[in-house]
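Fold and geometry: a report
Chain by chain, the residues:
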Amino acid sequence: MDERYMLEAIEEAKKAELMDEVPIGCVIVKGDKIIARAHNLREHCQQAAAHAEMLAIQKACEVTGSWRLEGCTVYVTLEPCPMCSGAMIQSRIEKVVYGAKDPKGGCIESCMHMYEHKGFNHYPQFVGSICEEECGELLREFFRKKRNKKSSESK
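The structure reproduced in this document is the subject of the present report. As the structure is a computational prediction, the values presented were derived from the model and not from experiment.

Quick look at the packing of helix α3 (residues 52–64) against helix α4 (residues 82–90)
When two helices pack together, their arrangement is captured by the angle between the axes and the distance separating the axes. Axis separation between α3 and α4 bottoms out at 9 Å; the angle between their running directions is 25 degrees. Considering the angle they form, α3 stands roughly parallel to α4. In this structure, the crossing between α3 and α4 has a hand that is left-handed. Residues E53, M54 and I57 of α3 pack against M83, C84, A87 and M88 of α4.

Some details on the side chain of E21
Relative to the helices and strands, E21 resides in the loop between α1 (2–18) and β1 (25–30). Here R42 takes part through its backbone nitrogen, which lies 3.2 Å from a polar atom of the side chain of E21. Here E21 is in contact with A16, N40, L41, R42, E43, H44 and F142, once residues within four sequence places are set aside.

Description of the packing of α1 against helix α5 (residues 132–153)
It is at 10 Å that the axes of α1 and α5 come closest, and there the two elements cross at 10 degrees. The angle between α1 and α5 places the two elements in the roughly parallel class. Here α1 contributes M6, L7, I10, A13, K14 and E17 to the contact with α5, which in turn contributes E134, C135, L138, F142 and K145. Residue composition of the contact of α1 with α5, by class: seven nonpolar, no polar and four charged.

Looking at the packing of aromatic side chains
Per the counting criterion, the structure on display carries four aromatic pairs. A centroid spacing of 5.3 Å and a plane angle of 40 degrees characterise the contact between Y5 and Y75, whose relative ring orientation is tilted. Placement of the pair is Y5 in helix α1 and Y75 in strand β3 (residues 72–78), with a sequence separation of 70 residues. Aromatic side chains F120 and Y123 sit 6.0 Å apart centroid to centroid with 65 degrees between the ring planes, which places their arrangement in the edge-to-face category. With relative accessibility at 32%, the residue F120 sits in the partly exposed group.

About the criteria used
Residues numbered from 1 in each chain as written. Predicted model: local features only at pLDDT ≥ 70, side-chain atom pairs only at ≥ 80, totals over all residues. Heavy atoms only, no water. Axes fitted to C-alpha atoms, helices over the stretch in contact; angles between N-to-C directions. Helix = DSSP H or I, 4+ residues; strand = E, 2+ residues; numbered from the N terminus. Parallel < 35°, antiparallel > 145°, perpendicular 65-115°, else oblique. Left-handed = near helix turned anticlockwise from the far one by under 90°. Contact = heavy atoms within 4.5 Å. Polar contact = N/O pair within 3.5 Å; in protein donor to acceptor, adjacent residues only side chain to side chain. Nonpolar A, V, L, I, M, F, W, Y, C, P; charged D, E, K, R; others polar. Phe/Tyr/Trp six-rings, centres within 6.5 Å; stacked < 30°, edge-to-face > 60°. Buried < 20%, exposed > 50% of the residue type's maximum accessible area, 1.4 Å probe, protein only.

Here it is, written out as structure tokens:
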């Protein structure tokens, strides 16, 4: 089941890439239904908080009519950063499923273990490395193209 929804998040990531955004996608599921979808829009909106997860959480809150997203699962193509991990705690997300690990910013298992830090009033369950290779390859290819473009422009 996790793979099925991660493939939906990957489709969102591809939408971001078409907009020349870092290809990160997210879907939020409640029951067996996707209630929110989003992709990275930081460059488009020129807003630091326009991460796929933040935008999807906002949409899910609108759909449910509540800031409490109890019973919801987030599927995201990259391990969430501290802001997004924190928003998932604050919104009472039940479970977080992510694809590629983020050794430079991931706060579930890579840079820190936010969901194991003592003191929060809620701790989402989490599963990492779902469709990890496909999620990681989207990011590697995106940045490879960026570097190649920059290199050819400087010649």
